[in-house]
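Breakdown of the fold
What follows is the residue order along each chain.
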Amino acid sequence: MKQLKRIHILILVLTFVMILSSGCTNKVADEDKNDARQLPAGGKEVVIGVSVLDLANPYYVQLLNGIRQGAATRNARLMIDDPKSDVNRQIQAVEEFIAAGVDAIIIAALDQNALEDVLKKAKDHDIKIVAQSTKVDNCDIFVSFDEWDMGYTIGQVAGRWIRDKLGGQSQVAILNYPRIAQIAKREKGIRDGISEYAPKAAIAAVASSANPEEGEAATLQILKQNPEIKVVVGINDGGALGALAAFEKMGKTADDVFIGGIDATPEAISRIKSDSLYRATVDINPFYNGILDVDFAVKLIKGQIVPDAHSENAVLVTKENVHMY
Amino acid sequence: MRIRELFSKYGIYMVLLLMVVFFSVLSEAFLTPDNLFNILRQVAVVGTAAVGMTFVMLTGGIDLSVGSIIGVTGILTASLMVMGVPAVIAVLIALIAGVLMGLLNAFIINEFNVPPLIVTLGMMTTLRGIAYLVTGGMPVFGFPESFTILGQGYLGIIPIPVIIMGLAFLAGYILLDKFTIGRHIYGVGGNEEASRLSGVNVKKIKYFVYSVSGLLCGIAGVVLLSRTNSGQPKAGTSYEMDIITAVVLGGVSIKGGEGKITGVIAGVLIMGILSNGMIITNVGDYAQRIVQGLVLILAVAFDCYNQSRKASAGTLIRENKAAALNENS
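Residues numbered from 1 in each chain as written. Chains lettered and ligands numbered in written order. Predicted model: local features only at pLDDT ≥ 70, side-chain atom pairs only at ≥ 80, totals over all residues. Heavy atoms only, no water.

**Description of the overall build of chain B**
Per the secondary structure count, chain B includes 13 helices and 2 strands. On C-alpha atoms alone, chain B measures out to a radius of gyration of 21 Å, which is about the 20 Å that the 2.2 N^0.38 rule sets for 329 residues. Along the first, second and third principal axes, the C-alpha atoms of chain B reach 80 × 55 × 35 Å. Burial status across chain B gives 53% buried among its 329 residues. Once local pairs closer than 6 in sequence are excluded, the contacts in chain B between residues at least 24 apart make up 78%. Carbon together with sulfur atoms contributes 71% to the accessible area of chain B, which is approximately 14,300 Å² in total. Across chain B, the 20 positively charged side chains and the 16 negatively charged ones have centroids separated by 5 Å. (Helix = DSSP H or I, 4+ residues; strand = E, 2+ residues; numbered from the N terminus. Rg over C-alpha atoms; globule rule 2.2 N^0.38 Å. Buried < 20%, exposed > 50% of the residue type's maximum accessible area, 1.4 Å probe, protein only. Contact = heavy atoms within 4.5 Å. Areas by Shrake-Rupley, 256 points an atom, 1.4 Å probe, with all protein chains shown as cover. Lys, Arg positive; Asp, Glu negative; His and termini not counted. Charge placed at Lys NZ, Arg CZ, Asp CG, Glu CD.)

Right, here's the structure in full:
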């Protein structure tokens with residue numbers, strides 16, 4: 001009896017894996033076969049490999065949703081890999097895309113140096129490359145919101161706030177995220193924006209946080225050490241919303257407090273609408289960017305001429321225009 | 001009966017074969033030379049480190065710090081090269097550092113009697129912190145061109161990382177199967193107390209296995225660095241999950257004492273094929289995570305079930321013997 005069971009377990013392990021992956025892939029498999037017939041004949045459907053930074057990050061989930069939407073309307077099939085912020089995994093993904101014979105790759109590179117060689121290889125295979133958010137060598141087009149510009153947009157508002165409501169002088173806290181190199185440019189933009197309008201404002205505290213939990217913990221700590229802080233600017237809404245929670249917890253709800261971030265997440269929008277201390281965010285519309293990416297990729301595959309770079313302007317969202325959201 | 005034996009002995013290879021067939025049917029892009037070499041190159045880092053993990057797990061231990069050692073040795077090599085140290089020396093220093101980190105793990109396990117799970121868990125976080133601290137969270141880059149050969153070069157048509165992994169497996173096989181220390185490693189995992197009583201220096205064996213793990217993580221770290229050509233403080237994050245899954249899948253018992261390194265090769269390949277195949281057939285990422293997690297649980301469940309079956313079979317034999325003795329008397 002027991003030996004019989006042992007075999008059952010083995011078969012279970014075996015079939016479980018099979019069923020799981022086949023359950024997920026059946027549909028794609030069918031598309032695959034169609035695809036194999038169409039492509040050599042120069043058919044209409046194109047295949048695009050997609051690798052963004054990290055699908056645990058809502059920004060990239062939205063970008064991907066846009067890419068999906070764009071692909072659906074342009075008869076493109078997607079091959080998606082989430083590198084989970086791991087550069088090596090992203091390199092692997094590009095290798096897999098090359099082996100699978102995709103027509104184009106949309107990539108938000110984690111590290112431009114690390115991706116250089118493998119993207120060159122992709123280019124040698126005549127694969128079109130759309131670089132999203134991070135500029136890479138060998139790309140056919142670089143689609144982005146400039147990181148510095150994003151930071152500068154929110155920094156300017158904070159600077160004007162300090163000039164107009166705080167007499168030009170205030171202690172400022174910045175919530176940054178040094179683990180991702182390109183976000184450093186965003187932080188620089190924030191600093192430049194603030195100092196342009198409020199040169200006397202002092203950056204009194206800098207802490208790393210990218211989500212509400214980290215943002216709240218960091219801000220509570222900062223406020224304990226430095227109760228004078230009236231302005232907090234985050235490199236994203238996640239961290240800055242945590243700062244808002246911290247201010248509310250400590251009962252610091254004075255009219256002259258400014259908290260702002262970047263991304264225009266639904267929660268940030270609703271906080272701006274509800275007259276909280278959350279004054280502004282920056283809309284970088286990743287969904288629209290995703291549609292743009294596919295659009296450019298398809299144009300490139302068809303041999304149409306596209307610019308080397310396409311930059312969308314970041315849109316500031318404040319009390320004045322928040323009703324549009 | 002024969003079929004059963006075949007299953008238990010070669011089950012893992014059958015799973016491997018089935019997966020190859022399965023993905024070949026699903027996608028034409030799977031069974032191409034290009035893609036097969038991709039898979040081999042992609043598993044090289046995890047595979048190399050898995051050899052060290054096999055040593056550790058055979059003694060009944062575990063090393064959760066592998067991913068962080070890979071990260072730290074990579075950053076160390078990168079920083080040294082950027083400072084102008086010749087690549088060969090930078091690599092050697094990193095390998096020594098890997099061994100030292102392994103020895104430190106073993107030191108705490110041996111001398112303070114802390115469970116390996118806790119020691120290496122703490123080390124995992126500590127070392128990752130060091131990698132971030134040293135680099136300030138930024139990638140380190142700008143190495144000599146020749147350095148990329150380790151991770152991106154070929155010998156003939158075989159990628160060099162694959163050759164390095166092959167050599168690691170070969171060395172592991174020889175050490176475990178042909179040398180006394182191999183028997184002792186199995187012995188410590190099978191029954192630590194019995195090994196001690198029969199004169200095996202258990203502490204020494206543990207120092208050995210953790211330093212082997214550290215060394216191989218060092219090698220893996222250098223290969224990974226060369227592949228990405230840029231020192232990432234995040235490099236190797238959560239690799240412990242892949243490495244442990246591969247080793248367990250390969251049939252190494254989590255309780256120690258049992259398992260073959262040849263099985264681990266199959267385990268590593270299964271993990272690689274699973275990940276590659278799921279990307280090529282476009283299984284969503286979230287589903288991929290679920291599959292990988294379940295594979296680990298199922299592999300361990302299979303192992304634990306086998307263990308308990310053997311244990312109960314053992315009691316049965318003992319009871320039978322006792323009964324026989326009673327009858328005789």
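**Focus: the environment of Phe22 of chain B**
All names here are of chain B. Within the secondary structure, Phe22 is located in helix α1 (residues 2-26). We classify Phe22 as buried; its relative accessible area is 17%. Taking C-alpha positions, Phe22 is 9.2 Å from Gly277, a pair spaced 255 residues apart along the chain.

**Thoughts on the side chain of Ser253 of chain B**
For Ser253 of chain B, the location among the structural elements is in the loop between α11 (239-249) and α12 (261-280). Within the local environment of Ser253 of chain B, its side chain forms a polar contact with the backbone nitrogen of Lys255 of chain B, the two atoms lying 3.0 Å apart. (Polar contact = N/O pair within 3.5 Å; in protein donor to acceptor, adjacent residues only side chain to side chain.)

**Observations concerning helix α10 (residues 202-228) of chain B**
All names here are of chain B. Spanning 27 residues, α10 covers 39 Å between terminal C-alpha atoms, matching the ideal 39 Å at 1.5 Å per step. When you tally the buried positions in α10, you get 21 out of 27 residues, the bulk of the element. Two residues or fewer after α10 comes Asn229, characterised by a positive phi angle close to 55°. (Expected span 1.5 Å × (residues − 1).)

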